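Per-entry structural report
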Amino acid sequence: MQKIVLTICSINYLAQAKSLGDSLLQHNPDYHFLIGLVDRLDQSSIDKSQLPEYPLIELHTIGIEDLDELCEKYNITELNTAVKPFFMEYIYHTYPEVEILHYFDPDILVFQALDEIENPLKNHSLVLTPHILTPYPDTSRPQETDLLNTGIFNLGFIGTKRSPNTLAFLHWWKERLRDQCYIDLANGMFVDQLWVNFAPVYFDDVYISRHMGLNMAYWNLHERVLTGENIPYSVNDTVPLIFFHFSGYHPENPTVISKYQNRYTFQEKPDVATIFDQYAQILIKNGHEMYKKFPCFYIKAPEVKPRKRFLRVRKYLSLPFQKVVNFIDKVQI
């Protein structure tokens, strides 16, 4: 039985992806690690010797119908999330020996064997982790209302096994994300994540894990305390930390837990300070400063809006009032 963890990123995030892969295989040597690359190596100045020693599957090679249209309609965040089920479906179809396939965001480190994911898959097809298991204690961000907008489950992780239900789920998810993977809260969309609220309703063998050591991140720090100065870490002195998700953290701004939250500082949450410091050092060691300089092929150039008429209006507004009136009279609307 072959077991795979997939992550998806562009060249500028390869330090994160390499860090994830190294941590995965350190504790799970029976797994394979693949990187879905939302980028074009043939359009990049990166030298092949600078690439991590993990298989890279480039987006344009997996046979997405109308890929150019997909790339045109989505920004880079939307695109990276929209192609998730496409990559997963491609792996299941291309590698018939694969029985277990998990997706992890690249900004994750694994600290234990993945038994807590595999065990539920003996009787289920999918494993999901809710953002939180207990209510927030205050009015800081994020709040439950934020999760109502962005999703009950965090799709920086999803565990799957090969089954008709999994393939049906991936097909359904893929078709929704083909046209409706925008960041558009007013119209009920938040990339790939919000759609998966429907998964436990539409598919009857979805396992929702309440294990506190899975997907620990800024959104659930109010209910989880990290203990131990190094691996193995424990959560709330009761369960092992399986993987930690460093969403919204950047080593360039090392004093901020995540740009997406304002509930805690490292002074108020010192139990996580060590693990973040370790993560920053790992990213630096794995070439973060080098990789982040490479632009992504799929990032669209910002639209240049015409400024000529605006500059003429600003010029004439500095003239006496009557001249402004005369100018407006001449303008064709």
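Residues numbered from 1 in each chain as written. Predicted model: local features only at pLDDT ≥ 70, side-chain atom pairs only at ≥ 80, totals over all residues. Heavy atoms only, no water.

1. Here we look at the pairing of strand E4 (residues 98-104)
Rules: Three exposure classes are used, based on accessible area relative to the maximum for each residue type with a 1.4 Å probe and protein chains only: buried under 20%, partly exposed in between, and exposed over 50%. Secondary structure counts use DSSP, requiring at least four H or I residues in a row for a helix and at least two E residues in a row for a strand, with both numbered from the N terminus. In this description, strands pair whenever DSSP reports at least two bridges between them.
Here E4 lies mainly inside the structure; six of its seven residues are buried. Pairing geometry for strand E1 (residues 2-9) and E4, over five bridges, is parallel. Directly across from Ile-4, in E4, lies its bridge partner Leu-101. Here E4 pairs with strand E7 (residues 157-161) via five bridges, running antiparallel. From the neighbouring strand, Ile-100 faces E7, where its bridge partner is Lys-161.

2. Brief notes about the confidence of the model for the protein chain
Caution applies to low-pLDDT regions: their predicted coordinates should not be interpreted in detail. Under the convention used in this document: The pLDDT value expresses, per residue, how confident the predictor is, ranging between 0 and 100. Whether two residues are in contact is decided by their heavy atoms: any pair within 4.5 Å suffices.
Here the protein chain shows a mean pLDDT of 91. Residues at 70 or above account for 89%. Considering only residues more than four positions removed or in separate chains, one finds that residues 327-333, a stretch of pLDDT under 50, has five contacts.

3. Description of the pairing of E7
For E7, the buried fraction is high: four of the five residues fall into the buried class. Two elements, strand E6 (residues 126-128) and E7, share two bridges in a ladder whose sense is antiparallel. Looking across to E7, one finds that Val-127 is bridged to Gly-159.

4. Describing helix H7 (residues 164-179)
Put simply, the test is: Expected helix span is taken as 1.5 Å per residue step, with the number of steps being one fewer than the number of residues.
Its 16 residues place the ends of H7 24 Å apart at the C-alpha level, agreeing with the 22 Å of an ideal helix rising 1.5 Å per residue. Those residues of H7 lying buried are Thr-166, Phe-169, Leu-170, Trp-172, Trp-173, Lys-174, Leu-177 and Arg-178. Tucked inside the fold, the buried residues of H7 contact helix H2 (67-73), helix H3 (76-82), helix H4 (84-94), E6, E7 and helix H8 (199-202).

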